[in-house]
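# Topology and contacts: notes
The lines below spell out each chain.
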Amino acid sequence: MASRNTIVAHVEDRPGVLARVASLFRRRGFNIESLTVGHCEEPGLSRMTIVVDGDDHQVDQVCRQLFKLIDVVSVQDITYTPMVDRELALIKVSASNFNRREVLDVVEVFRADVVDVHAEALIIQVLGDEGKVDAAVKMFEQFGILEMVRTGRVAMRRGTETTKPPAISDSQQAAAAIRAMLGRRPEGVLPFASD
Amino acid sequence: MRLTGARILMECLRAEGVEVFFGYPGGVVLPLYNTLGEYPDIKHVLVRHEQAAAHAADGYARVAGRTGVCLATSGPGATNLVTGITTAYMDSVPMVVLTGNVARDLIGRDGFQEADITGITLPITKHNYLLMRASEIAPAVKEAFHIASTGRKGPVLVDIPKDVFIEEAEWDGYPQGVSLRGYPIMDVPREEEVDKAAEIINAARKPIIIAGHGVVQSEAQHELVEFAERSDTPVLTTLLGISGMPEDHELSYGFLGMHGHFYANMAADRADVVIGIGMRFDDRAMGRFSDFNPTAKIVHIDIDPAEIGKNFKTHAPVNGDVKETLSRLLPQVELNRHPEWRAEIDQIMDQHPTDYVEEGTELSGPWLIQALAEATQGESTIVTGVGQHQMWAAQYYPYTKQRQWVTSGGLGTMGYEVPAAMGAQFAQDEPIWSICGDGGFQMTSQELQTVADHNLPVRFAIFNNGFLGMVRQWQELFYEHNYHSVDLGQPDFVKLAEAYGIKGVRATTRAEAMQLFRDLESYDGPVVIDFQLEREENVWPMVPAGAALSETIESAEDL
């Protein structure tokens, strides 16, 4: 069964890196649901959260192919690890004196924020995981959505575990760390771990 | 010391020990050509088409076991390299490709002869660079050679704008090392993976090895033979793995795949353990994936972690360099004997031998390769194009030495045979035999001029049946004999050779061919030989497209 998977990649902050990643997804026929990229705690590196559709075998291939790109420093599939994932949406909802109160009730239920007010419209900022944002969007539809933008997922592992790439100091150690990261899935799920 | 970008580039090539590179000049690389005279130790070979520069660098790399280098100007020069780069990429050949580009201020403005070659080659290079400062050249070239020649090898492109060749930068020697955080060397396999593989191999009753290009690239023939002997495992190769296993060895059972040896395909299909070494379970080798020996356990040794589990479920993946992995695996492999299994394959081999025995006077493809093998004592380096002649050369020549076999396997590039053989000839003195199709030869025959310029002793043996033979074979077998666009007109190849100042000869019978082989022993210049073959000979055996290895057929009657 295809499902949504969350992959975190650290890449060198260089021109063309996004094109390399996009080109790889296109060429291998992998289906990107969303890709979010931005700075991280380490200068010189960018952190990508990539949501892909696919079965375990496909996602394992995505990670391995991604890591082959020279500019990709680390890749981790965190689908099966405890994590926090968030998405932000800005939704411009049609709202006038007649129904503004109703709209604001929905805003309150979703603990969303009104970030812009106009006589005929509101911009509402919704923050949460994908399910929450989906639900909010559905509720606002009844008032008329004039425009919407969603950021796509960003995600982080819970607890002290991180997705940070290994330091480069020793090539052998780096290789070991990378191998340990690749295909981080429960025993028996890996396409090659079962008899 | 301050040097221009052009000089820095040449200093880098010198520091890398580059002896020869293949190129074609043009507007934006003029500053570079302006400095070539100062570097006489780095031989520049002027080709007649940029595609040939890439194939020549590829052929040189495969035979020399070193990184090949080619150069082209911007725009059309760069795009002409694309087929050659893709060929090298598909077969993991180490290559550094240098291109010029328009001056920096014209980039992105559709300048004259501008092409976004780094964008174009994204999916066909291991990595590529567009350098915007002369100070970036030395570190980038160092990285390019490092990336091209380590791990799973491949082509790396370095694109340099015209004014960067002219700009000056500080040169304080070639960089000592590289710092590539996203590119750790993964040569050494994990212990637990080696243990698991050894466990499966030791328990095997009908094991088979499939040796791929990785064996040749890692130069692990010695380790492969030792491993096979110790575990008493028959060895098959993939098309590109040919020459990785000495074929005169009793454990050598040919190559498998669409036109592989019958017994090789059967052995792969009946094995209980398949040990893939430096290969990628390609569809042409394995037949229909879903029906490839479903009960076999698969051990897969490969340098590229992305190849593990790509096409098949693998029971014991081992990610590491072939030579490194085999030397770690060897002490764990128990001395074993599989007399019944060997006898089973030997019996298939006896019933379905590959020796061509048909009597006659007409030239047949298999006969010609066998005769060539005899004339050259099986010691020549063979370069081929793509098609029937390629398959016959794979099937009937007895390869024993690593790097003795050069062919475009992954991409299947027609026209490869002429420039690749030319480039390969720069890596060795003994004459190279280029086995050509009459179709492929017409694609790149302009390089005969380059061959003549350097008086290279390449023997271009055109397997001339006047057809695009392999396509014709498919039209005959699978498209009801409906021949279309396969009956090739052609020039008089002997006269063509002579027009280039090259010896041209023709053989139409077996006796003439034998005589020719004898005559050529004492000739050390280039030769074009027009071998006129029977026109509608087919390549057998064959696994029809989409069929399984177990469905290998040996004649049209089996269809």
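Sequence order sets the numbering: in each chain, residues are counted from 1 along the sequence as written. As a convention, the first chain written is A and the first ligand written is 1, with the rest following in written order. Residues qualify for local features only when their pLDDT is at least 70, as the model is predicted, and side-chain atom pairs are given and counted only at 80 or more; totals for whole chains, interfaces and linings, by contrast, use all residues. The basis for every side-chain value is the complete set of heavy atoms in the structure, and neither hydrogens nor water enter the calculation.

## Observations concerning the overall build of chain A
Secondary structure follows DSSP: runs of H or I at least 4 residues long count as helices, runs of E at least 2 residues long count as strands, and numbering of each begins at the N terminus. For chain A, the count of helices and strands is 5 helices and 9 strands. Secondary structure elements in chain A, listed N-terminal to C-terminal, are β-α-β-β-α-β-β-α-β-β-α-β-β-α. Looking at the 195 residues of chain A, the share that counts as buried comes to 47%. Per element, the accessible surface of chain A, about 9,800 Å² overall, is 53% carbon and sulfur. Under the scheme applied here, a residue whose accessible area is under 20% of the maximum for its type counts as buried, over 50% as exposed, and between as partly exposed, the area being computed with a 1.4 Å probe on protein chains only. Throughout, the Shrake-Rupley method with a 1.4 Å probe supplies accessible areas, and for residues the shown protein chains are the sole cover considered.

## Overview of the sheet that holds strand S13 (residues 297–302) of chain B
All names here are of chain B. By this definition, two strands are paired if DSSP reports at least two bridges between them. Read across the sheet, 6 strands follow the order S11-S10-S9-S12-S13-S14 without closing on themselves; strand pairing throughout is parallel. Of all the strands in the sheet, the pair left with one neighbour each is strand S11 (252–255) and strand S14 (316–319). Recorded for the sheet is a direction-independent mean angle of 15° between the axes of neighbouring strands. When strand S10 (residues 235–237) meets S11, the two strands line up parallel, connected through 2 bridges. Paired with Val235 across the bridge in S11 is Ser252. Every axis in this analysis is a line fitted to C-alpha atoms, fitted for helices over the stretch in contact. Angles between the N-to-C directions lie between 0 and 180 degrees.

## What about the domain arrangement of chain A?
Domain limits in this description derive from either an automatic procedure or a database domain assignment. Per the domain assignment, the segments of chain A are domain 1 (3–81 + 161–181) and domain 2 (84–150). Computed over C-alpha atoms only, the centres of domain 1 of chain A and domain 2 of chain A are separated by 32 Å.

## Structural notes on the packing of helix H12 (residues 262–270) of chain B against helix H15 (residues 339–351) of chain B
Residue and element names in this part refer to chain B. Between H12 and H15, the shortest axis-to-axis distance is 9 Å and the interhelical angle comes to 145°. With respect to the hand of their crossing, H12 and H15 are arranged in right-handed fashion. Two secondary-structure elements touch here, H12 through Phe262, Tyr263, Met266, Ala267 and Arg270 and H15 through Trp341, Glu344, Ile345, Ile348 and Met349. Each residue is assigned to one of three groups, with Ala, Val, Leu, Ile, Met, Phe, Trp, Tyr, Cys and Pro labelled nonpolar, Asp, Glu, Lys and Arg labelled charged, and all others, Gly among them, labelled polar. In terms of residue class, the contact of H12 with H15 is built from 8 nonpolar, no polar and 2 charged. Crossing chirality is assigned from the near helix's rotation relative to the far helix, an anticlockwise turn below a right angle marking it left-handed and a clockwise turn marking it right-handed. Residues are treated as being in contact if the distance between any of their heavy atoms lies within 4.5 Å.

## Re the pattern of salt bridges
Residues and elements named next belong to chain B. Salt bridges are defined by distance alone: a side-chain nitrogen of Lys or Arg within 4 Å of a carboxyl oxygen of Asp or Glu. This structure, assessed with the given rule, holds 44 salt bridges over all chains. The partner of Arg342 in a salt bridge is Glu250, and the shortest N-O contact between them spans 3.3 Å. One end of the pair, Arg342, is in helix H15; the other, Glu250, is in the loop between S10 and S11, with 92 residues separating them in the sequence. With a shortest N-O distance of 3.0 Å, Arg506 and Asp530 are connected by a salt bridge.

## Regarding the interface of chain B and chain A
Each partner contributes to the interface: chain B provides 33 residues, whereas chain A provides 35 residues. Two parts placed together each lose some accessible area under a 1.4 Å probe, and adding up what both lose gives the buried area. Between chain B and chain A, a total of about 2,900 Å² is buried, with carbon and sulfur atoms accounting for 52% of that surface. The salt bridge partner of Arg181 of chain B is Glu42 of chain A, with a shortest N-O separation of 2.5 Å. Pairs of N or O atoms are called polar contacts if they sit within 3.5 Å, as long as, within protein, a hydrogen donor faces a hydrogen acceptor (for residues adjacent in sequence, only side-chain-to-side-chain pairs). Where chain B meets chain A, there are 8 residue pairs in polar contact (both at pLDDT 80 or more). Of all elements in the fold, only strand S6 (127–130) and S14 of chain B reach the threshold of two or more residues within the side of chain B that touches chain A.

## Topic: the domain arrangement of chain B
Residue and element names in this part refer to chain B. Domains assigned within chain B are domain 1 (2–170), domain 2 (191–351) and domain 3 (365–540). For domain 2 versus domain 3, the distance between C-alpha centres works out to 30 Å. Counting from both sides, the interface comprises 20 residues of domain 2 and, opposite them, 20 residues of domain 3. Considering only the surface of domain 2 that becomes buried against domain 3, Leu239, Ser243 and His259 emerge as the three largest contributors, covering 36% of it. Inspection of the region where domain 2 meets domain 3 yields 1 salt bridge. Notably, a salt bridge pairs Glu219 with Arg403, separated by 2.6 Å at the nearest N-O pair. At the junction of domain 2 and domain 3, the tally comes to 9 residue pairs in polar contact (both at pLDDT 80 or more). It is helix H10 (residues 213–217) that provides the largest number of residues to the side of domain 2 that touches domain 3, a total of 3 residues. Considering only residue class, the side of domain 2 that touches domain 3 consists of 10 nonpolar, 6 polar and 4 charged.

## Description of the pairing of strand S2 (residues 20–23) of chain B
Side chains on a regular strand alternate between the two faces of the sheet. Residues and elements named next belong to chain B. Alternating positions in S2 separate into two faces, Val20 and Phe22 on one and Phe21 and Gly23 on the other, with burial throughout. Where S2 meets strand S3 (residues 43–46), 4 bridges bridge the pair, whose relative direction is parallel. In the strand pairing of S3, Phe21 is matched with His44. Note that the unit made of S2, helix H2 (residues 30–36) and S3 has a crossover that is right-handed. The pairing of S2 with strand S4 (residues 68–72) spans 2 bridges and is classified as parallel. Looking at S4, one finds that Phe22 is bridged to Cys70. Seen with its strands pointing away from the viewer, a crossover is right-handed if its path from the first strand over the helix to the second goes clockwise.

## Remarks on the packing of aromatic side chains
For any pair of aromatic rings, the description consists of the separation of the ring centres together with the inter-plane angle of the planes. Residues and elements named next belong to chain B. When two rings of Phe, Tyr or Trp (its six-membered ring) have centres within 6.5 Å they constitute a pair, described as stacked for plane angles under 30 degrees, edge-to-face for angles over 60, and tilted for the intermediate range. In this structure the tally under the stated criterion is 14 aromatic pairs over all chains. Ring centres 5.4 Å apart and planes at 90° place the aromatic pair Phe441 and Phe493 in the edge-to-face group. On the criterion of sequence distance, the pair formed by Phe441 in helix H19 (residues 438–444) and Phe493 in helix H22 (residues 493–499) is long-range, its members being 52 residues apart. As far as the burial class goes, Phe441 and Phe493 line up, both buried.

## Structural notes on helix H7 (residues 137–149) of chain B
Residues and elements named next belong to chain B. A helix is expected to span 1.5 Å for every residue after the first. Relative to the 18 Å expected for 13 residues at 1.5 Å per residue, H7 spans 18 Å between its end C-alpha atoms, a close match to the ideal helical length. The element H7 is largely enclosed, with a buried count of 10 among its 13 residues. The complete set of buried residues in H7 reads Ile137, Ala138, Ala140, Val141, Lys142, Glu143, Ala144, Phe145, Ile147 and Ala148. Packed against the buried residues of H7 are helix H1 (5–15), S4, strand S5 (95–101), S6, strand S7 (155–161) and helix H8 (162–166). Residue Gly151 follows H7 closely and has a positive phi angle near 55°.

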